[in-house]
Amino acid sequence: MSDAIEHFAGKLRFETDVSDVHAGKASLVVVDSRGAQAWAQGHIPGAVHLPTADIAGRARELVPAGADVVTYCWGPGCNGATRAALEFARLGYRVREMIGGFEYWVREGLPFETDHGPDRRPVDDLTAPRSAITCDC
């Protein structure tokens, strides 16, 4: 039993989801760890663009010490956000990974930005209720 408690408590300490990031965005530094083409295609409004390969060298100039950092990449099929979170952890930041990534941000109908301006897609009802911001889970 204690192994399960440890496991799930650890997940909640180091992972967060799209709706929680959306709700708490003002107090977080959200970091998009993807490359320039992915960023241009779409990213979370207010996110910091910091590809994983640049984190060690540039994090301190872009992300304040003591910040609550959340990393994201494409989606559940990509572990880029995990690698980015590891880099931030190595630098001593409090960091969590946003599970679902940019894919689920968009699929949940949340606003995003592209090189052409703001955008939003309809909610995918397989990921979120159509008429609410969260699933109340």
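Placed above this text is the structure.
What comes next concerns the included structure. Everything quoted here is computed from the prediction, not taken from an experiment.

In space, the 5 strands of this open sheet follow the order β1-β5-β4-β2-β3, with parallel pairing throughout. Taken across any chain shown, the strands that pair with only one partner, and hence form the sheet edges, are β1 (15-17) and β3 (48-49). Across 2 bridges, the pairing between strand β2 (residues 29-32) and β3 is parallel. The residue bridging V31 from the neighbouring strand is V48, located in β3. Seen against the sheet, helix α1 (residues 2-14) touches β1 and β5 (94-99) and runs at an angle of roughly 95° to β5.

Among the nonpolar cores identified, the biggest contains 15 residues, and V21, V30, I44, Y72, M98 and W105 are the most heavily contacted of them. In this view, M98 contacts T16, D17, V18, V21, I44, V70, T71, Y72 and W105; residues no more than four positions away in its chain are not counted. Counting residues in hydrophobic clusters, the runner-up holds 14 residues, among them V48, L50, V63 and V69.

For the rest of this paragraph, the subject is the environment of A26. Position of A26 relative to the elements: it lies in the loop between α2 (18-24) and β2. Residue class for A26 comes out exposed when judged on its relative accessible area of 85%. For the pair A26 and G46, spaced 20 residues apart in the sequence, the C-alpha separation amounts to 9.1 Å.

As enumerated under the stated definition, the model contains 6 salt bridges in all. With its nearest N and O atoms 2.9 Å apart, the salt bridge here joins R90 to E87. Here E87 and R90 lie together in helix α5 (residues 80-90), a separation of 3 residues that amounts to about one turn. Take R90: its relative accessible area is 59%, and that puts it in the exposed class.

On to the pairing of β2. Side chains V29 and V31 of β2 all project onto a buried face; the interleaved residues V30 and D32 project onto the opposite face, where all are buried too. Where β2 lies against strand β4 (residues 68-72), 4 bridges are found, and the strand directions are parallel. Its bridge partner lying in β4, D32 is registered against Y72. In this view, the connection linking β2 to its parallel neighbour β3 by way of helix α3 (residues 36-41) has right-handed handedness.

Counting across every chain of the model gives 4 aromatic pairs. Ring geometry for W74 against F102: centres 6.3 Å apart, planes inclined by 70°, an arrangement best described as edge-to-face. Here W74 is found in the loop between β4 and α5, whereas its partner F102 is found in helix α6 (residues 101-107), with 28 residues between them in sequence. For F102, a relative accessible area of 7% gives the class buried. Centroid distance F102 to F112: 5.7 Å. Interplanar angle 90°. Geometry classified as edge-to-face. Taken together, the residues span a long stretch of sequence, with F102 in helix α6 and F112 in strand β6 (residues 112-114) at a distance of 10 residues. Within the aromatic cluster, the residues linked to one another by ring pairs are Y72, W74, F102 and F112. A cation sits over an aromatic face here: R34 above W74, 4.5 Å from the ring centre.

Thresholds, definitions, all that
Residues numbered from 1 in each chain as written. Predicted model: local features only at pLDDT ≥ 70, side-chain atom pairs only at ≥ 80, totals over all residues. Heavy atoms only, no water. Pairing = 2+ DSSP bridges. Helix = DSSP H or I, 4+ residues; strand = E, 2+ residues; numbered from the N terminus. Contact = heavy atoms within 4.5 Å. Axes fitted to C-alpha atoms, helices over the stretch in contact; angles between N-to-C directions. Core = buried A, V, L, I, M, F, W, Y, C linked by side-chain atoms within 4.5 Å. Buried < 20%, exposed > 50% of the residue type's maximum accessible area, 1.4 Å probe, protein only. Salt bridge = Lys/Arg side-chain N within 4 Å of Asp/Glu carboxyl O. Right-handed = clockwise from strand over helix to strand, strands pointing away. Phe/Tyr/Trp six-rings, centres within 6.5 Å; stacked < 30°, edge-to-face > 60°. Lys NZ or Arg CZ within 6 Å of the ring centre and 35° of its normal.

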